[in-house]
Each structure stands twice: as structure tokens, then as C-alpha cells.
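Fold and geometry: a report
Here is how the chains run, residue by residue.
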Amino acid sequence: MSEFWLISAPGDKENLQALERMNTVTSKSNLSYNTKFAIPDFKVGTLDSLIGLSDELGKLDSFAESLIKRMAQSVAEVMEDSKGKVQENLLANGVDLTSFVTHFEWDMAKYPAKQPLANVVDTLTKQLAQIETDLKSRTAAYSTLKMNLENLEKKSTGNLFTRTLSDIVSKEDFVLDSEYLITLLVIVPKPSYARWQKTYESLSDMVVPRSTKLIAEDNDGGLFTVTLFRRVIDDFKVKAKENKFTVREFYYDEKEIKREREEMTRLLSDKKQQYGPLLRWLKVNFSEAFIAWIHIKALRVFVESVLRYGLPVNFQAVLLQPHKKSATKRLREVLNSVFRHLDEVAAASILDASVEIPGLQLSNQDYFPYVYFHIDLSLLE
């Protein structure tokens, strides 16, 4: 499973024994894989500042998770032709996400533990905000390019009524630079080909005999040329419509056709040029954002453990990885049983959702006798 439970209990003898009991039961029952989760000793500050940080970290945790999910989705969108390889590009410090979480070590160089907690949180907040700003600008530019390219591609994949004709027609299909003559393009239903050949010369006056030629087909019909005098264009269009032939509004413009072809080439080239740098940026910054997120989880455990268990700081954090979804209910029962003594009211409230826990902002289903935070690595679901 790509789900983790990050919990903590007081570090005194009684609770360390409780943790051992938890490890024994979860191991024997094959409920979860458990590892210690190392968190450095931070400068605690005042109780008021910790309460404020608890609220701030909750919001930052949600923001970070949302950001890495958006980044993972962006990687999937950029790698549209290699979707099976997306997961192997979502790494943290060069290793898969599960390995990073289970072997987590606090980065003292990036987030010095000797700084006040508020400074560490501020560093993380600014780092993630900058990544989000860059993500928006970089992905917006690529999305616009991709959308323009898709729109051009759509023009060349529709039916004869809607698709671009610049890649179908050639200069030789038209009478050009004539003061009197013009070549029109007419869409004729397939069952009506013979009728078109018999009648097109008589649909109006001044149609050039034997001037029609089939130049393209789709499933429903064909695109025919016909040359006539300019003065009878309107009359020809009316008569053609009466006979269920459709004159396609198109006038051969070599410069416009060249511009359209060059635009397609340019967009394809731009997309190719942007693909590599964007994917590299996403991979590097996804790693940075994910690492920051797990540091935020560690900070939340520290702050909540101090608020819950008091001073001096003495607690043990443990990372649990449930083996399967069906085992989570049993695993929760084991934890609630082992740590029930930490908070009888909370333990009772798990069974009775009507019990209010004074002074607590979390809903009852999120509150347990022990400190608990959830980590879900299913970022693309």
C-alpha cells in the first residue's frame, strides 16, 4: 500500500513498552510494517506560539499535498506518450517515494533545527510558494502551446466540411490571377458523384466544360473543383445547394497556406524544445516539494506531541505502513487498545461519535489517544 500512518506516543518507560506491544501485535498479525521516525529536538518557544504553529502547519500540510499532486499530474500530462513511465519519474532525492518516507532523515542543512520553529516553517512556506508560482507560469505556457497545436491538428482531422484544406489542395487545382474566371470547391455526397458529373456544367451559365476534378475524399463524400466565371458565383451556389451540393468557402492563397504550414512546424518544434526542460524542472521541483511535505509532517508530529504530552520534550514517533486496505480497521483497533490510557475520553469518543472533545478543532474521526497523521502516496488517483 502507498499509505502511511505517522504516530507518536510519550517516550517514558510505560509508553515505550506500549510501543513494543504495538510492534509485536502488528508484526504477528501481519497488519503493518513499522519503523522509528527520527525527528530532531527543536526550539520549543512558548505554548501560544506552538498553538499558532499547529494551525499554520495544518494549512501548509494541505497546501503542500495539493501542490505535489498537481505537479504529479503535470508530469503525467507532459509525458502523454509514455504514461506507463510516470511513476518512475516521481522521485525524492533520487529514490522512490516509499523509500524516502521509510528512511526519512531531517535535512539540517536546508532546515536548521537550531532555528526557532517559526523560522523553519517560514522557510518551507516560502519555498513551496515559489515552486507553485513557477509551476503555474511554466505549465501555462506549455498548455497554451499544446492547445494551439491540438487546435491546428483538429483542423486537419475533421470532415471535408470543417477540416483545413491547405494540406489537400495544390496550386495546380485552381485557375489563379484571372480577372474573369474562378475555381470553386464543391463537396458532393458519394452516391451523387455520377449526378454531379452530368449536371455541374448546367447548374448555371458560364461554367467551364470539363473543369471538374475529384481532389479528395472522406467517408461521406468527395471534394471536386469546378471553374466558372466570377459573375455567376452566387447563382451557381444557389443551384448547387438546391441539388444538395455544398460549395466550400475556400480561396487559394499561397501565402496563407504557407503561413499555416509554417505555424504547425513551429508549434511542433516549440513543443519539442519545451518538453525536455519542463520535464526536468518538474522532476527536480517535485522532489523538492515532496521532501518539504514530509518535513512538514515531521514538524506537525513534533508540535502536536509537545502540545499533547507536555514538556520536557519526550516522545517517540513511529511510521506504520499498513499491509493492505482491509487490515486498517484492525490496525486502528490495536492502536486504540494499546494507547487507550493516554486519553480515555478520546478512546471512548471513537466508539461514540457524539462525545465532544473540549478545545479540539479536529473532528472526532481524526482524533485518537495518540498523535496521528496520514500520508498518502497515491498522487495520481
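Reading guide: rules and limits
Residues numbered from 1 in each chain as written. Predicted model: local features only at pLDDT ≥ 70, side-chain atom pairs only at ≥ 80, totals over all residues. Heavy atoms only, no water. Helix = DSSP H or I, 4+ residues; strand = E, 2+ residues; numbered from the N terminus. Areas by Shrake-Rupley, 256 points an atom, 1.4 Å probe, with all protein chains shown as cover. Buried < 20%, exposed > 50% of the residue type's maximum accessible area, 1.4 Å probe, protein only. Contact = heavy atoms within 4.5 Å. Salt bridge = Lys/Arg side-chain N within 4 Å of Asp/Glu carboxyl O. Phe/Tyr/Trp six-rings, centres within 6.5 Å; stacked < 30°, edge-to-face > 60°. Pairing = 2+ DSSP bridges. Axes fitted to C-alpha atoms, helices over the stretch in contact; angles between N-to-C directions. Arc of directions from axis to C-beta. Patch = residues over 30% accessible without salt bridge, like charges linked within 9 Å, V, L, I, M, F, W, Y side chains within 5 Å.

1. Regarding the overall build of the protein chain
- Within the protein chain one finds 9 helices and 10 strands.
- C-alpha atoms of the protein chain, sized along the principal axes, occupy 105 × 40 × 35 Å.
- Accessible surface computed for the protein chain: about 20,600 Å², of which carbon and sulfur atoms make up 51%.

2. Overview of the side chain of Gln316
- Mapped onto the secondary structure, Gln316 falls in strand β9 (residues 315–322).
- Since its relative accessible area comes to 18%, Gln316 is described here as buried.
- If we skip the residues at most four places from it in the chain, Gln316 touches Ile7, Ser8, Ala9, Pro10, Gly11, Leu16, Leu19, Lys36 and Phe37.

3. So, the pattern of salt bridges
- Evaluated as defined, the whole model comprises 20 salt bridges.
- With its nearest N and O atoms 2.9 Å apart, the salt bridge here joins Lys271 to Glu80. Of this pair, Lys271 sits in helix α7 (residues 254–309) while Glu80 sits in the loop between α2 (47–78) and β3 (91–92), placing them 191 residues apart in sequence.
- A salt bridge links Glu256 to Arg259; the shortest N-O distance between them is 2.9 Å. Of the two residues, Glu256 and Arg259 both sit in helix α7, 3 residues apart, roughly one turn of that helix.
- Exposure remark for Arg259: the relative accessible area of 42% places this residue in the partly exposed category.
- Here the salt bridges share partners, and the residues they tie into one network are Asp61, Lys297 and Arg300.

4. Looking at the environment of Tyr33
- Tracing the chain through its elements places Tyr33 in strand β2 (residues 32–36).
- Overall, the relative accessible area of 47% leaves Tyr33 in the partly exposed class.
- Sequence spacing of Tyr33 and Met147 is 114 residues, and the spatial spacing of their C-alpha atoms is 45 Å.
- Residues within four places of Tyr33 in sequence aside, it is in contact with Leu319, Leu320, Gln321 and His323.

5. A closer look at the packing of aromatic side chains
- Taken as a whole and assessed by the stated rule, the structure comprises 20 aromatic pairs.
- Ring plane angle 80° and centroid distance 5.2 Å describe the contact between Tyr193 and Phe224, whose orientation is recorded as edge-to-face. Remark: Phe224 occurs in strand β7 (residues 221–229) and Tyr193 occurs in helix α5 (residues 193–199); sequence separation between them is 31 residues. With respect to class, Tyr193 is no different from Phe224; both count as buried.
- Between the aromatic rings of Trp196 and Phe224, the centroid separation amounts to 6.0 Å while the plane-to-plane angle is 50°, which identifies the pairing as tilted. In this pair, Trp196 is assigned in helix α5 and Phe224 in strand β7, connecting sequence segments 28 residues apart. We note that Trp196, like Phe224, is buried.

6. As for the sheet that holds strand β5 (residues 181–189)
- Pairing in this open sheet of 4 strands is antiparallel, and the strands run β6-β7-β5-β8 from one edge to the other. Each edge of the sheet is formed by a strand with only one pairing partner; in this case those strands are β6 (213–217) and β8 (246–248). Strand-to-strand, the axes of this sheet are offset by a mean angle of 40°, without reference to chain direction.
- For β6 and β7, the ladder comprises 4 bridges, and the chain directions are antiparallel. Each bridged residue has a counterpart across the sheet, and for Lys213 the counterpart in β7 is Thr225.

7. Considerations on helix α6 (residues 233–242)
- Ile233, Phe236 and Ala240 are the residues of α6 that are buried. Along the long axis of α6, the arc covered by the buried residues comes to 65°, so they all point the same way. Of the exposed residues in α6, the ones pointing more than 90 degrees away from its buried face are Asp234, Lys241 and Glu242.
- Summarising the contacts, the buried residues of α6 are in contact with β5, α5, β7 and β8.
- Once α6 finishes, Lys244 follows within two positions and takes phi at roughly 65°, a positive value.

8. Examining a nonpolar patch on the surface
- Nonpolar side chains collect at one region of the surface, where Tyr180, Met206 and Phe229 lie side by side and expose about 300 Å² of accessible area between them.
- If you trace the backbone, Met206 turns up in the loop between α5 and β6.
- Note on Met206: relative accessible area 36%, which makes it partly exposed.

9. Notes on unusual backbone geometry
- Here Leu311 and Pro312 are connected by a cis peptide whose omega angle stands at -5°.
- Relative to the helices and strands, Pro312 is located in the loop between α7 and β9.
- The backbone of Met206 shows a phi angle near 60°, a positive value even though the residue is not glycine.
- Of note, the phi angle at Arg210 is positive, near 50°, even though the residue is not glycine.
- Its place among the elements puts Arg210 in the loop between α5 and β6.

Treat this as a map of the structure, not an account of what it does.
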